[in-house]
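Architecture at a glance
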Amino acid sequence: MPQVFHPSTNTFSRVSIFGAVFFIGAMLWGLALINRSSYVTRAGVAREQPVPFSHRHHAGQLGIDCRYCHTSVERSSYAGVPPTKTCMNCHSQIWIDSPTLEPVRASFRTNRSIQWIKVHDLPDFVYFNHSIHVNKGVGCVSCHGRIDLMNLTWQENSLQMEWCLNCHRHPEQYLRPREQVFNMTWTPPTDQTTLGRELLQQYDVRGTHLTDCSTCHR
Amino acid sequence: MNGKPASQSEHTAAGALQRAAARPPRLDLATIRQRLAGTTGQAYWRSLEELAQTDDFQWFLENEFPRQASGWISAVDRRQFLQLMGASLALAGLSACTRQPTENIVPYVRQPEQIVPGQPLFFATALPLGGIASGVLVESHMGRPTKVEGNPDHPASLGATDSFAQASVLTLYDPDRSQVITNVGEIRPWSAFVAAIRAALEGQREQGGAGLRVLTETVTSPTLAEQLRQTRAAFPAAQWHQYEPVHRDNVVAGARASFGEDVDTRYRFDHADVILALDADFLACGPGHLRYVRDFTAKRRVSGERNEPMNRLYAVESTPTNTGAMADHRLPLRASQIEDVARAVAGGLGVSVQAPTGLEAHAKWIAALVRDLQQHRGASIIIAGDEQPATVHALAHLMNDALGNVGRTVVCAEPVAVTPTLQTQSLRDLVADMQAGKVAVLLILGGNPVFDAPADVLFTSALAKVPLTVHLGLYTDETSQLCHWHIPLAHPLESWSDGRAYDGTITIMQPLIAPLYDGKTAHEVLAVLSDRPERTSHDIVRDYWKARYGGNDFERFWRKTLHDGFIADSASPAKQVTVRPAASIDALRSSTTSDRKGLEIIFRPDPTIFDGRFANNGWLQELPKALTRLTWDNAALLSPATAERLALTNEDVVELAYAGRTLRAPVWIMPGHAPDAVTVHLGHGRTHAGRVGSGSGFNAYALRTADAPWFGSGLDVRKTGDRHPLASTQHHHSMEGRPLVRVATLEEYRGHPDFARELEETPGRDDTLYPAEHPYQGNAWGMAIDLNSCVGCNACVIACQAENNIAVVGKTEVARGHEMHWLRVDRYYAGDLDNPETYHQPVPCMHCENAPCEIVCPVGATVHSSEGLNDMVYNRCVGTKYCSNNCPYKVRRFNWFLFSDWTTESLKLLRNPDVTVRSRGVMEKCTYCVQRISHARIDAQKAGRPIRDGEVVTACQQVCPAEAIVFGNINDKSSRVAQLKAEPRNYGLLSSLNTRPRTTYLARIRNPNPEIG
């Protein structure tokens, strides 16, 4: 009986067996890439909002302090998204006929909230607290990026757990003096690690506790 | 999975119940007695099944998650199984890549001043039950009330609450609450109701309202009283009736017989050294029970150095209660015999009353009790239960007077109720008028008389004769079905009102949320009868208080009162009374005592759903009853001896024939129950309770008559041969006779304070293969539970459920051991079957330093924190259940199905936003309320200080009226928890396993009278 398979088939089968290992590896690598891509994390994607609010204009060019709108950032887990009333403090005086601002005026008139799109959206099993970060010297920029340069707001970082842990494992590399927290343009000194270690001591940041699961998950 | 092929029906929930029902009776009480007689020393047992070592029990014990294979609907072969597993593995990996759905932020338009998103606010108000208000603080997250706490400054609460108050938030958000005003089934606006009622009243005006009747529950509200007074001024011939099934007629009648006037009796357990409870469950129910628990347990604290005296409690009771479980001496007697004991003790104390007969067997017990009471004149209390007839109350008053207790431990005061009424008589009068056609308009403000009126007071048929009937209620219940109008009642957390505590302290109740379903308060419905029908309850209450206060700084008074939660010094003052002589008592003798043929039937409010009003509350339905550990059902409770005589066993259905009526009920054998008596709990068997409550148990009101509301003789019990499965948590997670509850008498303890530690050997710190310990340099959290204080009230279980978003699973799942409570209260018996000692032991997660659960988790979903918490990470958990298998304490709970309700809109408002709502397939357990720890830590860190002792209060600790649970930092040697753990009574559960639990217990101390032994 003649051979069914040509001898070269051996080569094919060897290649495909070894190739399968690489193929699976490549698949996993691809999955990991997708999982970290901005398609999944939405990092770097500017989001459409009912009103095209520009942080660049308000926080950057006009220099309004973060806390004028995000009032509870130092006191509560939520930084707080301003009520329509805060917008109307100014916009009852300026740009009162702007069609772009009609949803704001409509909200104020009808007493119905503006439905903003959530840009920084953590999973429901994560409990993040703004106030403790701000009080311990984590700058707004450290997580939110140069928000004062964004027209439409986007999420600067992946907000994935590995990203959180970068800082929770090595907080000394990211801390800044408390008075610089809201400063968008503060640049870390060359010996950030030395400053960071001093601040850890000064602000009583305990390293061991930062990586406990229950610090964020409960 | 076991390899046995199993039929399909066996795998379904119904199959499981059917199978349970088909079990033959296997309880052999004679064997049990023999076994008990053969044991030496202190033998603890949890249930009769355990003692009998029945097959069922063994099976339950060996299968930690019984019937776990029942999730499979059909048999699956190996090939299919691998296919399924392969597919689910692939899908599980992919699911990690899902994107977050787009979510919205919905800020306020105009933000209220005090609200900081993420920071809860607390408001003081009160929750009434049986007319008696208990002060509470309610946590509100951006306008949604989520959790009730006690008001620490309120005299009746002192920071504690009971399980009913804890569960009230679930009732508030209950989707089954009535949501619209209806007139004979048609939805109508409020204005139509106002028009209808005012038209009817016009016809009444000429006759002075002779056809107008108002039926309420017990009223203590000063504002409502004023409104009723005004109504009667406008309609002088109108009548006001009061009725609720758990009434205090006996207390009222007893006081009238003794003092000739209406007097409330309050007790000062903080001054009492010897207490005799005559069928009185003062630690579990009734006005002031939270305060009584605090005062009573404070007199039982013993510690190593101090040689303080400890109080001694004698309980004579028919049906076992939590008070009986706390007693140092307990005498089970039929309810009708309690009066005899009271007479015997009174005789011993020198009160000349007719002497009883038939107590010869207990003569020594009674004589010792009398001597003990006489040695503590002015420092003793004799308290009669609400269920005992007026004679017993009168005898108790006489005895307290003879002992010089009145004015010291027993305070007589002006009554708290607006008009103390004999409510059964009041309802009877109303029904007589209704039947005679004298009633034209009947307003039923709260209550459910169609369901809970005595069986021989024919309320239902009389109702049909009234031309216009109106029912105000939380649900469209049995009464609403038969009334012309139904008005949704505003929940107390939605209402402006006022009410008085057991001592008379007044609280002005404020709403936490606007009525969800446009509910009305009793104030608003009564206002319809006045000339200003559109007044809101806020205006009515405020105007009343403005007029009553009179001063010109009313605004300050109003704000301060709302803020504090009560009006300072508004308790009703003590009153000088003279007790009438004993001769008048004998005339009172109730008719039931003379007739003692056959078995005796005892009616009691249900320990968890009370008179039936909480029937649709899943938390309370699923709460295991303190002593029977039954859920979702009531049962005919009887003593082992009686069951033996009648050849009955657990879950046998019997026919109870009493006073010409019959009722079918399943049997539950209750160790310690009085012989020849059967206890049935009221409140079950509802037909229109809602989706949760309809159909649970049997309706015991069907047997209850007006003359014998609490007990009566002449009961006949007949076995039917049917079986009804009951879902008890009794023998789940049994710990098989290890020294779990440790008990000594006061004398033994004084001689040998270390007894508890020596009962079990604790290996050295290094004798372990577990990885080296964490250093725990900062906080090290720990908990101490004092078994000497715990009265087994179950409030901690519901508090935990409310705080931690714990799901309800239903009767079928409880029967399979799938209940989700993070904290359970185990009940152990010791000694004799007929009158055992009863112990309660709350068991949360032990947070072991050498935690067996952690080392077996393949995905690191349960890990140790740097502060010693045993963290549970839901998002990592893949549901292997290895942790639970390896947990020696059986405190882990698995979400076998999607138990949490993720879809009902109103229940979304109920959740604590600081705790994850768990999904199917993950393990969960007690976290030591880690959300509260985080909150306190962040506050402390922001302020740059350490967390103070007492700053972190767990939900179970906060609710406990006995202060039995203490939580804190054990590294801080001055903390309360560290001091308790340094007590000689402190011991760890299963310490021989060297798990080093952070939760430890303080042994129970009993204080028996040496004369009785």
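Quick caveat: nothing in here was measured; it's all calculated off a predicted structure.

Considerations on the overall build of chain B
For chain B, the helix and strand inventory stands at 36 helices and 40 strands. Expressed along its principal axes, the backbone C-alpha trace of chain B runs to roughly 85 × 75 × 65 Å. Long-range contacts, defined here as pairs at least 24 residues apart, represent 74% of the contacts in chain B between residues at least 6 apart.

Remarks on the domain arrangement of chain B
All names here are of chain B. Assigned domains within chain B: domain 1 (12-71), domain 2 (182-247 + 419-492 + 517-529), domain 3 (264-413), domain 4 (595-728) and domain 5 (746-762 + 778-1006). Summarising the inter-unit geometry, the C-alpha centres of domain 3 and domain 4 are found 27 Å apart. Listed as interface residues are 11 residues of domain 3 and, on the opposing side, 18 residues of domain 4. Here the residues of the side of domain 3 that touches domain 4 sort into five nonpolar, four polar and two charged.

Here's the deal with the sheet that holds strand β30 (residues 781-786) of chain B
Pairing between sheet strands relies on hydrogen bonds along the backbone, with the strands arranged either parallel or antiparallel. Residues and elements named next belong to chain B. Reading across from one edge, β37-β30-β39-β38 is the order of the four strands in this open sheet, with mixed pairing throughout. Of all strands in the sheet, those bounded by a partner on one side alone are β37 (965-969) and β38 (986-988). For this sheet, the mean angle separating the axes of adjacent strands, direction not counted, is 30 degrees. Both β30 and β37 contribute to a ladder of five bridges, which runs antiparallel. The residue bridging methionine 783 from the neighbouring strand is phenylalanine 967, located in β37.

Some remarks on the pairing of strand β16 (residues 441-445) of chain B
All names here are of chain B. Most of β16 sits inside the fold, with five of its five residues counted as buried. Neither face of β16 is exposed, since Val441, Leu443 and Leu445 on one face and Leu442 and Ile444 on the opposite face are all buried. Across five bridges, the pairing between strand β8 (residues 212-216) and β16 is parallel. Considered in β16, the bridge of leucine 212 is made with valine 441. As paired elements, β16 and strand β17 (residues 468-473) share five bridges and run parallel to each other. For leucine 442, the partnering residue across the bridge sits in β17 and is threonine 469.

Notes on the interface of chain B and chain A
Interface size is commonly expressed as the accessible surface area that is lost when the partners come together. Facing the 38 residues of chain B at the interface are 42 residues of chain A. For the side of chain B that touches chain A, the elements supplying multiple residues, two or more each, are β2 (104-105) and α34 (930-943) of chain B. If you tally residues by element for the side of chain B that touches chain A, the top one is α34 of chain B, at six residues. Residue composition of the side of chain B that touches chain A, by class: 15 nonpolar, 16 polar and seven charged.

Describing the packing of helix α9 (residues 222-234) of chain B against helix α21 (residues 537-549) of chain B
All names here are of chain B. One can describe the packing of α9 onto α21 by two numbers: an axis separation of 10 Å at closest approach and a directional angle of 90 degrees. Classified by the interaxial angle, the pair formed by α9 and α21 is roughly perpendicular. Contact residues: Pro222, Thr223 and Glu226 in α9; Ile540, Val541 and Tyr544 in α21. Split by residue class, the contact of α9 with α21 holds four nonpolar, one polar and one charged.

Notes on the pairing of strand β21 (residues 599-605) of chain B
Residues and elements named next belong to chain B. Buried residues dominate β21, accounting for six of its seven residues. In this sheet, strand β27 (residues 711-723) lies alongside β21 in antiparallel orientation, the contact comprising four bridges. Its bridge partner being in β27, isoleucine 602 is matched across the sheet by phenylalanine 711. Of the pairings in the sheet, the one linking β21 to strand β26 (residues 677-682) comprises six bridges and is parallel in character. Each bridged residue has a counterpart across the sheet, and for glutamate 600 the counterpart in β26 is alanine 677.

Here's the deal with the packing of helix α7 (residues 163-172) of chain B against helix α29 (residues 795-803) of chain B
Residue and element names in this part refer to chain B. In contact at an axis separation of 8 Å, α7 and α29 are set at 25 degrees when each is read in the N-to-C sense. Accordingly, the angle class assigned to the pair α7 and α29 is roughly parallel. The handedness of the crossing between α7 and α29 is left-handed. Every residue of α29 that contacts α7 at Ser163, Gln166, Ala167 and Val169 is listed here: Ala795, Ile798, Ala799 and Ala802. Residues that form the contact of α7 with α29 fall into these classes: six nonpolar, two polar and no charged.

Looking at the nonpolar core
Membership of the largest hydrophobic core comes to 274 residues, with the highest contact counts inside it found for Leu278, Ile383, Ala636, Leu656 and Val678 of chain B. The contacts of valine 678 of chain B, once residues within four sequence positions are left out, are Leu599, Ile601, Ile602, Ala636, Leu637, Leu638, Leu656, Leu715 and Val717 of chain B. In terms of nonpolar packing, the next biggest core, distinct from the first, is built from 12 residues, Cys66, Ala79, Val134 and Val138 of chain A among them.

Definitions and cut-offs
- Residues numbered from 1 in each chain as written.
- Chains lettered and ligands numbered in written order.
- Predicted model: local features only at pLDDT ≥ 70, side-chain atom pairs only at ≥ 80, totals over all residues.
- Helix = DSSP H or I, 4+ residues; strand = E, 2+ residues; numbered from the N terminus.
- Contact = placed C-beta atoms within 7 Å.
- Domains from an automatic or database assignment.
- Nonpolar A, V, L, I, M, F, W, Y, C, P; charged D, E, K, R; others polar.
- Pairing = 2+ DSSP bridges.
- Axes fitted to C-alpha atoms, helices over the stretch in contact; angles between N-to-C directions.
- Buried ≥ 20, exposed ≤ 12 C-beta atoms within 10 Å, placed from the backbone.
- Parallel < 35°, antiparallel > 145°, perpendicular 65-115°, else oblique.
- Left-handed = near helix turned anticlockwise from the far one by under 90°.
- Core = buried A, V, L, I, M, F, W, Y, C linked by C-beta atoms within 7 Å.

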